[in-house]
Amino acid sequence: MIIVMKYGASEAQIENVVNKIHQAGLKEHLSRGAELTIIGVIGDEERLEPSRFAILPGVERVNRVAKQYKIVSRSTHPSGTIIKVRGVEIGGLQIQVIAGAYVAESAQQMDLTADAVAAAPCRLMRSGSFGAHPAAQQREALGLLRDAAARHQLPIVAELPDVRMLDTFMEYDVEIIQIGERNMQNLDLLREVGRINKPIILKRGVSATIVEWLMAAESIAAGGNHNIIFCEHGIRTFETAYRNVLDISAIAVLKQETHLPVMVDPSDAGGKSWMVPALAQAAIAAGADGVLLDVHPNPAEARYAADQALSPQALLDTLAALKPIALALGRSL
């Protein structure tokens with residue numbers, strides 16, 4: 001932590017700051033310039049609360065040097081983490097496409113979706129918004145996803161809408177639990193999934209900074225669960241031509257800052273199916289470890305999010321367009 005004193009700060013004010021540092025069991029390094037005095041804190045700065053120093057007389061500002069997110073930081077695992085789910089690797093050389101229905105509507109719809117996902121071929125099947133169902137129907141919807149995926153031995157990915165559904169998700173053995181953007185900073189939910197041994201896809205809140213996103217992942221990891229996958233799906237801006245602005249830059253930043261895998265949801269970002277292939281290609285080119293795609297056997301008949309759903313043929317075409325990009329990067333699809 002670096003404490004910058006105000007111009008003209010007195011020796012008594014500087015000594016007061018130094019004494020506070022000593023009281024915390026840490027040491028200081030004073031750098032005196034012609035106009036400013038800068039005090040560097042030597043030791044574990046996590047033992048100090050910056051706000052307590054910012055209010056001291058003579059202090060101009062306080063800046064942290066160490067990152068607040070330590071467990072998920074790349075510095076703790078420079079080579080990167082690969083998360084395995086039933087033999088499927090996320091974060092390795094193979095790029096994963098997780099596809100499925102935005103909402104489970106019926107057994108027939110889910111079976112046809114599973115057929116399309118397996119034929120693409122994708123190695124994991126998802127169903128996105130369980131929050132769209134009344135509470136009484138959420139268990140039924142989860143059963144439809146599990147049964148449809150089981151026909152092709154596909155691991156399943158499902159969004160956990162509420163901490164009260166966690167026991168049901170464990171009962172149905174959901175292989176990867178997704179935390180939606182609205183729950184990115186739901187600390188009660190993050191702490192609970194931090195206590196289980198399941199990979200977690202953590203979507204970015206539409207107004208969240210990257211540091212806030214990393215800190216949300218740190219909250220999960222603090223509970224002991226380090227199997228976290230970041231998922232960028234767009235941020236909110238002034239633009240109205242599409243749902244969210246897909247932050248491609250975030251992929252590069254996360255690859256620098258964290259050892260954990262990074263995925264992208266182009267369906268949710270653009271909100272229009274015709275945008276999905278281009279956004280998915282950009283994500284893979286930028287270094288994403290995979291994409292999440294919405295698929296429906298007949299998008300025109302979808303009850304929810306029909307505009308963003310790919311048809312089975314569009315899914316095949318999208319994967320075909322991704323393959324040469326993956327190969328150019330020395331990866332596979």
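Here the structure is shown first, and the text comes after it.
I will try to describe carefully the structure that is included in this document. Keep in mind it's a predicted model, so treat the numbers as computed, not measured.

## Quick word on empty space enclosed by the protein
Within the structure shown, the criterion is met by one cavity of 30 Å³ or more. Each pocket or cavity is described by its volume, and for the largest cavity that value is around 60 Å³. Along its surface, the largest cavity is lined by 13 residues, and Ala101, Tyr102, Val103, His296 and Tyr304 are the ones closest to its centre. Of the residues in the lining of the largest cavity, the class split is eight nonpolar, three polar and two charged.

## Some thoughts on the sheet that holds strand β7 (residues 96–101)
The strand order around the closed barrel formed by eight strands is β7-β8-β9-β10-β11-β12-β13-β14, and the pairing between neighbours is parallel. Averaged over all adjacent pairs, the angle separating strand axes in this sheet is 25°, with direction ignored. On the sheet, helix α7 (residues 210–221) packs against β11 (200–203) and β12 (228–232) and is oriented at approximately 155° with respect to β12. In this fold helix α8 (residues 248–257) packs onto β12 and β13 (262–264), with an angle of close to 170° to the strand it touches most, β13.

## Notes on the packing of aromatic side chains
Considering all chains together, one arrives at one aromatic pair under this definition. Measuring from ring centre to ring centre gives 5.3 Å for Trp213 and Phe230, while their planes differ by 85°; the resulting arrangement is edge-to-face. With Trp213 in helix α7 and Phe230 in strand β12, this pair connects stretches of sequence that are 17 residues apart. Each of the two residues, Trp213 as well as Phe230, counts as buried.

What counts and what doesn't
Residues numbered from 1 in each chain as written. Predicted model: local features only at pLDDT ≥ 70, side-chain atom pairs only at ≥ 80, totals over all residues. Heavy atoms only, no water. 1 Å grid on protein atoms, 1.4 Å probe; cavity = no way out; pocket = protein on both sides within 12 Å on 5 of 7 lines; lining within 4 Å. Points joined across faces, edges and corners; volume = space filled by probe spheres on them. Nonpolar A, V, L, I, M, F, W, Y, C, P; charged D, E, K, R; others polar. Pairing = 2+ DSSP bridges. Helix = DSSP H or I, 4+ residues; strand = E, 2+ residues; numbered from the N terminus. Axes fitted to C-alpha atoms, helices over the stretch in contact; angles between N-to-C directions. Contact = heavy atoms within 4.5 Å. Phe/Tyr/Trp six-rings, centres within 6.5 Å; stacked < 30°, edge-to-face > 60°. Buried < 20%, exposed > 50% of the residue type's maximum accessible area, 1.4 Å probe, protein only.

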